[in-house]
Amino acid sequence: MKKMNLNHGGGATNRLKAFTLAEVLITLAIIGVVAALTIPSVVLHSRRTEIESRLKKSYTQLNQAYRLAILDYGSPKGWTFGEPYTKPDAVKFAQTYLTPYLKIAKDCTNSNSSDCNYTHKNLRNNTIDQSDDSAVYYLADGTYFGVTITMQNHVQLFVDCNGDKKPNILGYDIQTYYINATSKNSNNGNIWASSCESDSNCACTKSGNGAGCTRLIMNNNWKIPTEDEYVRLGFPRSDYPYSNL
């Protein structure tokens, strides 16, 4: 029996064609250019998404602790804030009304470790210092927060949602919240954030320090606003503070 001839061309079998070195190099160069154009935006989006998630989580944890304290101690109108406003006052306030309801991983109040004493900056790229009169802690999930009694019946919470991981910038991964015995929001069971509408120094703008960004992000469904979202929220495009982040 004759074998079937699979060589339809009647001659030598077709040879496989290989890429030349020049073609390989050109392909790699094209891939490199595309990667250089797309990877930074992908990394930025991923970092922002992670920070946004942590911002919302850190607020939720602190607000829940605050509400539980209200259940145990009643309205903040009857709380002990301390006077004068020293570190012992802040420690007493924190250990009475907040830390018992949180998973505390580390007390940084009197620590000199690098993760407790790292650099914080604002949107103007100025270094800001956590007050020496603050009680400072790490939560189990890596959130860093400080408690400072800034005036009569008024407490500031300085919160870095990802701890000492960069960028450590007020208005971005660092936010500020407040508890005030006379505030309607505080007495309704919520820590609150200032929009800085009457104070350009703390506004969420290129010239502001970023403290007002907390309220802006909350109003944007816990999303750090894009430039278009910033405009839709009522701000001039020229004031957009996140262009370099």
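Data block above holds the structure.
Residues numbered from 1 in each chain as written. Predicted model: local features only at pLDDT ≥ 70, side-chain atom pairs only at ≥ 80, totals over all residues. Heavy atoms only, no water.

1. Describing the state of the cysteines
All told, the structure shown has three disulfides when counted by the stated rule. At a sulfur-sulfur separation of 1.9 Å, the disulfide partner of cysteine 108 is cysteine 116. Since a negative S-S torsion denotes a left-handed disulfide, the cysteine 108-cysteine 116 link at about -60 degrees is left-handed. Residue cysteine 196 pairs covalently with cysteine 202 via a disulfide, S to S 1.9 Å. Of note, the bridge from cysteine 196 to cysteine 202 carries an S-S torsion of about -125 degrees and is left-handed in sense. (Disulfide = S-S within 2.5 Å.)

2. Topic: a nonpolar patch on the surface
Residues Phe19, Leu21, Val24, Leu25, Leu28 and Ile31 make up a contiguous nonpolar surface patch of about 660 Å² in total accessible area. With respect to the element layout, phenylalanine 19 can be found in the segment before helix H1 (21-73). (Patch = residues over 30% accessible without salt bridge, like charges linked within 9 Å, V, L, I, M, F, W, Y side chains within 5 Å. Areas by Shrake-Rupley, 256 points an atom, 1.4 Å probe, with all protein chains shown as cover. Salt bridge = Lys/Arg side-chain N within 4 Å of Asp/Glu carboxyl O. Helix = DSSP H or I, 4+ residues; strand = E, 2+ residues; numbered from the N terminus.)

3. What about the nonpolar core?
Ranked by size, the top nonpolar core spans 46 residues in total, and within it Phe93, Val147, Leu157, Tyr177 and Tyr242 carry the most contacts. Of all the secondary structure elements, the ones that give two or more residues to this core are H1, helix H2 (87-97), strand E4 (135-139), strand E5 (144-151), strand E6 (154-160), strand E7 (174-180) and helix H4 (213-219). The greatest single-element share of this core, amounting to eight residues, is contributed by H1. Sequence-distant contacts of tyrosine 177, defined by excluding residues within four places in its chain, comprise Leu55, Tyr59, Val155, Gln156, Leu157, Val159, Ile191, Trp192, Ala193, Thr214, Met218 and Trp222. Counting residues in hydrophobic clusters, the runner-up holds twelve residues, among them Cys108, Cys116, Tyr144 and Leu170. (Core = buried A, V, L, I, M, F, W, Y, C linked by side-chain atoms within 4.5 Å. Buried < 20%, exposed > 50% of the residue type's maximum accessible area, 1.4 Å probe, protein only. Contact = heavy atoms within 4.5 Å.)

4. Concerning the sheet that holds E5
The strand order across the open sheet built from five strands is E1-E4-E5-E6-E7, with neighbouring strands paired in antiparallel fashion. Because the sheet does not close on itself, it has two edges, and the strands there are strand E1 (104-107) and E7. Taking each pair of neighbouring strands and ignoring which way they run, the sheet shows an average axis angle of 25 degrees. Note: E4 against E5, four bridges, orientation antiparallel. Within E5, the position partnered with tyrosine 138 by the bridge is tyrosine 144. (Pairing = 2+ DSSP bridges. Axes fitted to C-alpha atoms, helices over the stretch in contact; angles between N-to-C directions.)

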